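Reading the structure
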Amino acid sequence: MPGSHQVQFLDALHRDHAEVEDRIRTGKAMGLHNLPSKSWQVNAGWMLACNLAADLDAWLRLLTLHDQDGLEHAEPDTMRFRLYHLPARLADHARRRYLRIERTWPWAKAFTTCWSRLTQLPAVT
């Protein structure tokens with residue numbers, strides 16, 4: 001009950017606040033630490049872009065990396081290091097594009113699993 005100062009209520013309140021702090025930390029890792037600018041429009045656009053990046057990161061982990069060890073609850077810096085900065089080459093051959101990933105890269109299987117799951121998602125209609 002609010003205002004009763006019971007331990008269970010205080011614990012639940014603290015857990016909710018810790019989740020909010022996690023989202024703020026994620027937003028800052030996605031670029032919110034670069035605010036403020038002198039222009040309101042620049043700040044609004046930057047805030048929108050950072051929130052969009054954080055949402056895309058969360059949906060990517062939820063839809064494609066839910067069973068990958070160490071990536072299902074990874075921080076943005078970990079995701080950036082392991083998946084987003086991909087050591088690969090984009091090659092053109094016979095009117096097709098191929099992504100050539102190093103076989104020795106430790107997260108190649110996680111990336112290919114993620115990519116195949118993304119391409120199998122149904123299109124929005």
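A brief report on the enclosed structure follows.

Definitions and limits used
Residues numbered from 1 in each chain as written. Predicted model: local features only at pLDDT ≥ 70, side-chain atom pairs only at ≥ 80, totals over all residues. Heavy atoms only, no water. Helix = DSSP H or I, 4+ residues; strand = E, 2+ residues; numbered from the N terminus. Rg over C-alpha atoms; globule rule 2.2 N^0.38 Å. Contact = heavy atoms within 4.5 Å. Areas by Shrake-Rupley, 256 points an atom, 1.4 Å probe, with all protein chains shown as cover. Lys, Arg positive; Asp, Glu negative; His and termini not counted. Charge placed at Lys NZ, Arg CZ, Asp CG, Glu CD. Phe/Tyr/Trp six-rings, centres within 6.5 Å; stacked < 30°, edge-to-face > 60°. Buried < 20%, exposed > 50% of the residue type's maximum accessible area, 1.4 Å probe, protein only. Pairing = 2+ DSSP bridges. Arc of directions from axis to C-beta. Axes fitted to C-alpha atoms, helices over the stretch in contact; angles between N-to-C directions. Parallel < 35°, antiparallel > 145°, perpendicular 65-115°, else oblique. Left-handed = near helix turned anticlockwise from the far one by under 90°. Nonpolar A, V, L, I, M, F, W, Y, C, P; charged D, E, K, R; others polar. Polar contact = N/O pair within 3.5 Å; in protein donor to acceptor, adjacent residues only side chain to side chain.

Overview of the overall build of the protein chain
Helix and strand counts for the protein chain come out as 4 helices and 2 strands. Listing the helices and strands of the protein chain from first to last along the sequence gives α-α-α-β-β-α. A compact globule built from 125 residues would reach a C-alpha radius of gyration of about 14 Å, whereas the protein chain, at 20 Å, exceeds it by more than 25%. With the principal axes as the frame, the protein chain shows a C-alpha extent of 70 × 40 × 35 Å. Here the analysis covers contacts within the protein chain between residues at least 6 apart in sequence; of these, 35% occur between residues at least 24 apart. Accessible area for the protein chain stands at about 10200 Å²; split by element, carbon and sulfur atoms hold 58% of it. One finds the centroid of the 16 positive side-chain charges in the protein chain at a distance of 12 Å from the centroid of its 14 negative side-chain charges.

Side note on the packing of aromatic side chains
Overall, the coordinates contain 3 aromatic pairs when judged by the stated rule. Residues F81 and W107 carry aromatic rings whose centres are separated by 5.6 Å and whose planes lie at 70° to one another, so their mutual orientation is edge-to-face. You can see F81 sitting in helix α3 (residues 76–84) and its partner W107 sitting in the loop between β2 (96–101) and α4 (108–119), a full 26 residues away along the chain. Judged by its relative accessible area of 57%, F81 falls in the exposed class. Their ring planes at 75° and their centres at 6.2 Å tell us that W105 and W107 sit as a pair that is edge-to-face. The exposure class assigned to W105 is buried, which follows from its relative accessible area of 11%. An aromatic cluster is present here, built from F81, W105 and W107 joined pairwise through their rings.

Description of the pairing of strand β1 (residues 88–93)
Examined bridge by bridge, β1 and β2 share 6 bridges and lie antiparallel to one another. Note on β2: the bridge partner recorded for A88 is I101.

Observations regarding α3
Within the sequence span of α3, burial applies to P76, M79 and L83. One side of α3 carries all its buried residues, which in axial view fall inside an arc of 60°.

Things to note about the packing of helix α2 (residues 40–64) against α3
Between α2 and α3, the shortest axis-to-axis distance is 12 Å and the interhelical angle comes to 65°. Overall, the two elements α2 and α3 adopt an arrangement that is roughly perpendicular. With respect to the hand of their crossing, α2 and α3 are arranged in left-handed fashion. Contact with α2, carried on its side by D57, L60 and R61, involves P76, M79 and Y84 of α3 and no other residues of that element. Residue composition of the contact of α2 with α3, by class: 4 nonpolar, no polar and 2 charged.

Quick notes on the environment of D57
Its place among the elements puts D57 in helix α2. Residue D57 is classed as buried on the basis of its relative accessible area of 2%. Along the chain, D57 and P87 lie 30 residues apart, while their C-alpha atoms are 19 Å from each other. Not counting residues up to four positions away in its chain, the partners in contact with D57 are M30, P76, M79 and Y84.

What to know about the side chain of T64
Mapped onto the elements, T64 comes out in helix α2. Here the side chain of T64 touches L60 through a polar contact of 2.6 Å, landing on its backbone oxygen. If sequence neighbours within four positions are ignored, T64 has contacts with C114, R117 and L118.

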